[in-house]
Amino acid sequence: MKELRLMKGNEAFAEAAIRAGADGYFGYPITPQSEVMEYLMAEKPHERTGMVVLQAESEVAAINMVYGGASCGKRVLTSSSSPGISLKQEGISYIAGAELPCVILNVVRGGPGLGTIQPSQSDYFQSTKGGGHGDYKLLVLAPSSVQEMADFAGLGFELAFKYRNPVLILSDGAIGQMMEKVELDEQKPRWTEEEIIKNTPWATTGKTKNRERNIITSLDLDSGKQELHNISLQAKYREMEKNETRYEAISCEDAEYLIVAYGTSARLSQKAVDLLRAEGYKVGLLRPITLFPFPTAIIAKLADQVKGILTVEMSAGQMIEDVRLAVGCRVKVEHFGRMGGIIPSPTEVVDATHKKIIGG
Amino acid sequence: MAKVVGDIVIDIEKCKGCSVCIPACPQDVIALSKNVNGKGYNYAESINDECTGCTNCAIVCPDGVITVYRKKVE
Amino acid sequence: MANITKEEIRKPENLVYKKTDLLTDKALSYCPGCGHGTAHRIVMEVLEEMDIQDKTIGIAPVGCSVLAYDFMNIDMQQAAHGRAPALATAVKRLHPDKFVFTYQGDGDLAAIGTAETIHACNRGENIVIIFINNGIYGMTGGQMAPTTLPGMKSSTSPYGRDVQTMGNPLRITELIAQLPGTIFVTRQAVHTPAHVRKAKKAVRKAFENQKLNKGLSFVEIVSNCNSGWKMTPLKSNEWMVDNMFPYYPLGDIKVNE
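Fair warning: this is a prediction, and the values are worked out from it, not measured in the lab. Counting of residues starts from 1 at the beginning of each chain's written sequence and follows it residue by residue. Chains carry letters from A onward and ligands carry numbers from 1 onward, assigned in written order. Per-residue local features are limited, in this predicted model, to residues with pLDDT of at least 70; the limit for side-chain atom pairs, both in listing and counting, is 80 or more; totals at the level of whole chains, interfaces and linings are taken over all residues. The basis for every side-chain value is the complete set of non-hydrogen atoms in the structure, without hydrogens or water.

A.B. asks: With reference to specific residues and values, describe the overall build of chain C.
C.D. replies: For the purposes of this entry, the term helix denotes a DSSP run of H or I that reaches at least four residues, the term strand denotes a run of E that reaches at least two, and both are numbered from the N terminus. In terms of helices and strands, chain C carries 11 helices and 10 strands. For the C-alpha atoms alone, the extent of chain C along its principal axes is close to 65 × 45 × 30 Å. Three exposure classes are used, based on accessible area relative to the maximum for each residue type with a 1.4 Å probe and protein chains only: buried under 20%, partly exposed in between, and exposed over 50%. Sorting the 257 residues of chain C into buried and exposed places 62% on the buried side. The accessible surface values rely on the Shrake-Rupley method and a 1.4 Å probe; as for residues, cover is taken only from the protein chains in view. Summing over all exposed atoms, chain C offers an accessible surface of approximately 9300 Å²; the carbon and sulfur share of this is 54%.

Quick look at the structure:
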């Protein structure tokens, strides 16, 4: 039976991770996501489920603890915010290269540099275009509610193990800090040692007499083999594109104009759609839930239907590049956004839609 | 009086001719061969029957290429 | 003597030493005379003698021993440069019943991984750290390491390490011994049979400590790098005795029972 609670997004994520049967969390404090580890430490999940929670000496150490834990077939996660996620990129690249499952939460704040602690969406490129070195992709989920912060913890582990790939939950300071009601799943049991050996036969669980040793590495000095490894990674990413693209289409059936926005921007854009419809304009909202794989096909389809598209992002315009790639030059695609930690208001979005799309 | 005799077997294809075993041997049993192995190394070889099977050479061999036998003779 | 043939001596019942099966048959990728091979072997011999192959997870570093997993016949993870203690921390926390060790060089452990090393030691993670100190970056071609001696030449200190501009060699093992989380901190070598036997005893003690959940054991092995030092293997061992040992004296630094 589901349990209804009023929680912060960060806390809901932490609680949902425990309930998803996570084995370990490794983190380092940074605003605006410190509630994740604070909640976990206060909850004593070690007593509830046996889950390990450890405050590392840095984000670098935390992501490498995730690497070590994931190498053992354990369900491990970390969370941070933008500057900390930058520090984790080396580890994330290794985890992607070694094909390990894990969940990483980024509660984005404004940048560049130390930037601000206010919410932003300026880590889209970092999240979807690589982030670290090498040709790799993360599966990126973008929650727009506290409910999704909770739901994506479990979904994240499911997808991470399905593809042996790191899953990034790209949230932002607003979703992480706001309180909403949330329905929490029942506690799932952690995998037993036998289940781990059965479900992750590749994991380093100790070499027994009846199998070859398991090695977790992203290194292959043989270029031929390294290329084959890269080809197989790319094939996996194409599989994700085929199977895992998720989006929400709101008022798109009769739309003549389209707003594309994710996360916090999608919430306020939904209000803008209501306001514009009250004015008599048929505006729809397409909310990507997965940023990789990106909902290219539906956006391409809607491009044949609408007269113009506005992307709303709390950045200088990053996702707009993927929208334009989907649309080609068929209709105008414009960007509206605020930077530096400012959340645009729905009326600003209404004005921008008029100026850039409807009247433009 | 019981006496101990020993012998070593060297995997010459894996020997890199580093010579670390040579000063380790108290009986001066080992020297580098004038011949080379498949990798071009002058490999270590046993040059006399003085081996006591003390294992010093094998213990200090970085590449673990030496196997040691020891037998008591009445 | 003369009446005993080699065939009579080379019988299975007379076997007194052979390479452990916990080392694979793959030829080691190390230079001739490099101490890494011996260090690998004594660690694997200890695991074999304790019969814990199926319970051990090793963490390989970046550096010459990056391919340790090619030679050690156990489950292994290859860490990013310097991060092995972080991996080991998580593995041990998630698998308290397993034996976990890292195998790291001086650049990995004492430069780029200083933070991970110090904090794993300070938390008293119940793991074993094997630290190979040869005073140089071997894999990348002989650059200056945190442990390079004053005046010692390397490819990035071609006129010798000038401590005024390049800093002092780091005795990280002494530093680690100060941390309350460490239970056993020792410095060993593997260039002579006696030193190998002693080093192996230290490694054994380290793993026994882990078995008893005593805390972190740290075994430094001062080693050679004849390629990086540009010497023959035997000459490099002599140079190590004359130059490395005075700065990095051998022996137990901390033994808490």
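A.B. asks: Requested: an account of the overall build of chain B, with residues and values cited.
C.D. replies: Assigned secondary structure in chain B consists of 2 helices and 4 strands. In sequence order, the secondary structure elements of chain B are arranged as β-α-β-β-α-β. Taking 11 Å as the expected radius of gyration for a compact globule of 74 residues, we find that chain B reaches 12 Å, a close match to that expectation. Across the 74 residues in chain B, those meeting the buried criterion constitute 51%. For this analysis, residues touch if any pair of their heavy atoms sits within 4.5 Å. A fraction of 58% describes how many contacts in chain B between residues 6 or more apart in sequence connect residues 24 or more apart. Entry remark: accessible area of chain B is about 3600 Å², with carbon and sulfur atoms responsible for 50%. None of His or the chain ends enter the tally, which takes Lys and Arg as positive and Asp and Glu as negative. Working definition for charges: the position is that of NZ of Lys, CZ of Arg, CG of Asp or CD of Glu. In chain B, 8 positive and 9 negative side-chain charges are present, and the distance between their average locations comes to 5 Å. Here the globule rule is a power law, 2.2 Å times the number of residues to the power 0.38, and the radius of gyration is based on C-alpha atoms.

A.B. asks: Outline the sheet that holds strand β11 (residues 257-260) of chain A, supporting the account with residue identities and numerical values.
C.D. replies: All names here are of chain A. Read across the open sheet, the 5 strands follow the order β10-β12-β11-β14-β15; overall the sheet is mixed. On the outer flanks of this sheet lie β10 (247-250) and β15 (332-337), each paired with one strand and no other. Strand-to-strand twist across the sheet, computed as the mean angle between neighbouring axes with direction ignored, equals 20°. Sitting on the sheet, helix α12 (residues 296-303) touches β10, β11 and β12 (283-288), and the angle it makes with β12 is about 165°. Every axis in this analysis is a line fitted to C-alpha atoms, fitted for helices over the stretch in contact. Angles between the N-to-C directions lie between 0 and 180 degrees. Where helix α14 (residues 346-358) meets the sheet, its contacts fall on β11, β14 (308-313) and β15, and the angle it forms with β15 comes to roughly 155°. In this analysis, strands are considered paired if DSSP registers two or more bridges between them.

A.B. asks: Could you give me a rundown of the packing of aromatic side chains, with the residues and numbers involved?
C.D. replies: For Phe, Tyr and Trp, where Trp contributes only its six-membered ring, two rings pair if their centres lie within 6.5 Å, and the inter-plane angle classes them as stacked under 30 degrees, edge-to-face over 60, or tilted in between. According to the stated counting rule, one finds 10 aromatic pairs over all chains in the structure shown. With 6.5 Å between their ring centres and 65° between their planes, Y124 of chain A and F125 of chain A make a pair best called edge-to-face. Consider the rings of Y124 of chain A and Y262 of chain A, whose centres lie 5.9 Å apart with planes at 40°: the pair is tilted. Placement of the pair is Y124 of chain A in helix α6 (residues 124-128) and Y262 of chain A in the loop between β11 and α11 (263-278), with a sequence separation of 138 residues. For Y262 of chain A, a relative accessible area of 2% translates into the label buried. The positively charged end of K92 of chain C is found above the aromatic ring belonging to F99 of chain C, 5.9 Å away from the centroid. Two conditions define a charge sitting above a ring: the NZ of Lys or the CZ of Arg must be within 6 Å of the ring centre, and it must be within 35 degrees of the ring normal.

A.B. asks: So what about the packing of α12 of chain A against helix α13 (residues 319-327) of chain A? Which residues, and what values?
C.D. replies: Helix packing for two helices is described by the angle between their axes and how far apart those axes are. Residues and elements named next belong to chain A. Contact pair α12 / α13: the axes reach a minimum separation of 8 Å and the direction vectors enclose 60°. Overall, the two elements α12 and α13 adopt an arrangement that is oblique. Crossing of α12 against α13: the hand is right-handed. Together, T296, I299, A300 and A303 of α12 and V323, A326 and V327 of α13 make up the contact between the two elements. A breakdown of the residues in the contact of α12 with α13 according to their chemical character gives 6 nonpolar, 1 polar and no charged. Put simply, angles under 35 degrees are roughly parallel, angles over 145 are roughly antiparallel, angles from 65 to 115 are roughly perpendicular, and the rest are oblique. Crossings are assigned a handedness: left-handed for a near helix turned anticlockwise from the far helix by less than a right angle, right-handed for a clockwise turn. Ten residues, namely Ala, Val, Leu, Ile, Met, Phe, Trp, Tyr, Cys and Pro, are considered nonpolar, four, namely Asp, Glu, Lys and Arg, are considered charged, and the remaining ones, Gly among them, are considered polar.

A.B. asks: For the interface of chain A and chain C, give the residues involved together with the corresponding values.
C.D. replies: With 37 residues of chain A at the interface, the matching set in chain C holds 36 residues. Accessible area that two parts lose when put together, evaluated with a 1.4 Å probe and summed over both, is termed the buried area. Carbon and sulfur atoms make up 58% of the area that chain A and chain C hide from each other, which totals about 2800 Å². When residues of chain A are sorted by the area they lose upon contact with chain C, E57, K207 and R213 of chain A head the list and together hold 23% of the total. Take a side-chain nitrogen of Lys or Arg and a carboxyl oxygen of Asp or Glu: if they are within 4 Å of each other, that pair is a salt bridge. Between E57 of chain A and R123 of chain C there is a salt bridge, with its nearest N and O atoms 2.8 Å apart. Going through the elements one at a time, β2 (24-27), β3 (52-55), α4 (59-71), α5 (82-97) and β9 (215-216) of chain A are the ones with two or more residues in the side of chain A that touches chain C. For the side of chain A that touches chain C, the element with the most residues is α4 of chain A, which contributes 8 residues. Class assignment for the residues of the side of chain A that touches chain C results in 15 nonpolar, 13 polar and 9 charged. Relative to strand β3 (residues 75-78) of chain C, β9 of chain A runs parallel, the two being bridged by 2 bridges. Note on β3 of chain C: the bridge partner recorded for I215 of chain A is M76 of chain C.

A.B. asks: So, the arrangement of the chains: which residues are in play, and what are the values?
C.D. replies: Ranking the 2 pairs of chains in contact by contact count places chains A and C at the top. The two units chain A and chain B never meet; even their closest C-alpha atoms stay 20 Å apart.

A.B. asks: Give a description of helix α2 (residues 35-50) of chain C that names residues and reports values.
C.D. replies: All names here are of chain C. Each residue after the first adds 1.5 Å to the expected span of a helix. In a regular helix each residue adds 1.5 Å, so 16 residues correspond to 22 Å; α2 covers 23 Å between its end C-alpha atoms and thus fits that length. For α2, the buried fraction is high: 14 of the 16 residues fall into the buried class. Of the residues flanking the end of α2, it is D51, one or two places downstream, whose phi is positive at about 55°.

A.B. asks: Go over α4 of chain A with me, naming the residues and quoting the values.
C.D. replies: Residues and elements named next belong to chain A. A rise of 1.5 Å per residue sets the reference length of α4, with its 13 residues, at 18 Å; its end C-alpha atoms lie 18 Å apart and thus fit the reference within 8%. With 13 of its 13 residues buried, α4 lies for the most part within the structure. Polar contact criterion, stated in full: a pair of N or O atoms within 3.5 Å, where within protein one must be able to donate a hydrogen and the other to accept it, and residues adjacent in sequence count only if both atoms are side-chain atoms. If you check the start of α4, you find a side-chain oxygen 3.3 Å away from the backbone N of V60, and it comes from S58. Downstream of α4 by one or two residues, G73 has phi in the positive range, about 80°.

A.B. asks: Lay out the nonpolar core in plain terms, naming residues and giving numbers.
C.D. replies: The criterion is simple. A nonpolar core is a set of buried Ala, Val, Leu, Ile, Met, Phe, Trp, Tyr and Cys residues joined through side-chain atoms within 4.5 Å. The biggest cluster of nonpolar side chains holds 125 residues, and the ones touching the most others in it are F13, F26, L77, I299, I309 and V323 of chain A together with F218 of chain C. Those residues within four positions of F13 of chain A in sequence are excluded, and the remaining contacts are V36, L77, V103, L105, M149, A153 and I169 of chain A.

A.B. asks: I'd like a description of the sheet that holds strand β2 (residues 56-60) of chain C, backed by residues and values.
C.D. replies: One key point about sheets: their strands pair by backbone hydrogen bonds, in either a parallel or an antiparallel sense. The sheet built from 8 strands is open, its strands ordered β9(A)-β3(C)-β2(C)-β4(C)-β5(C)-β9(C)-β8(C)-β10(C) with mixed pairing. Looking at strand neighbours, the two that pair on one side only are β9 of chain A together with β10 (251-255) of chain C, the edges of this open sheet. Looking at chain direction, β2 of chain C and β3 of chain C are connected through 4 bridges and run parallel. Directly across from A60 of chain C, in β3 of chain C, lies its bridge partner Q78 of chain C. Strands β2, β3 and β4 (99-105) of chain C of the sheet are contacted by helix α4 (residues 84-94) of chain C, whose axis makes an angle of about 180° with β4 of chain C. Along the sheet face, helix α9 (residues 193-211) of chain C touches β4, β5 (128-133), β8 (182-189), β9 (216-222) and β10 of chain C and points at about 165° away from the line of β8 of chain C.

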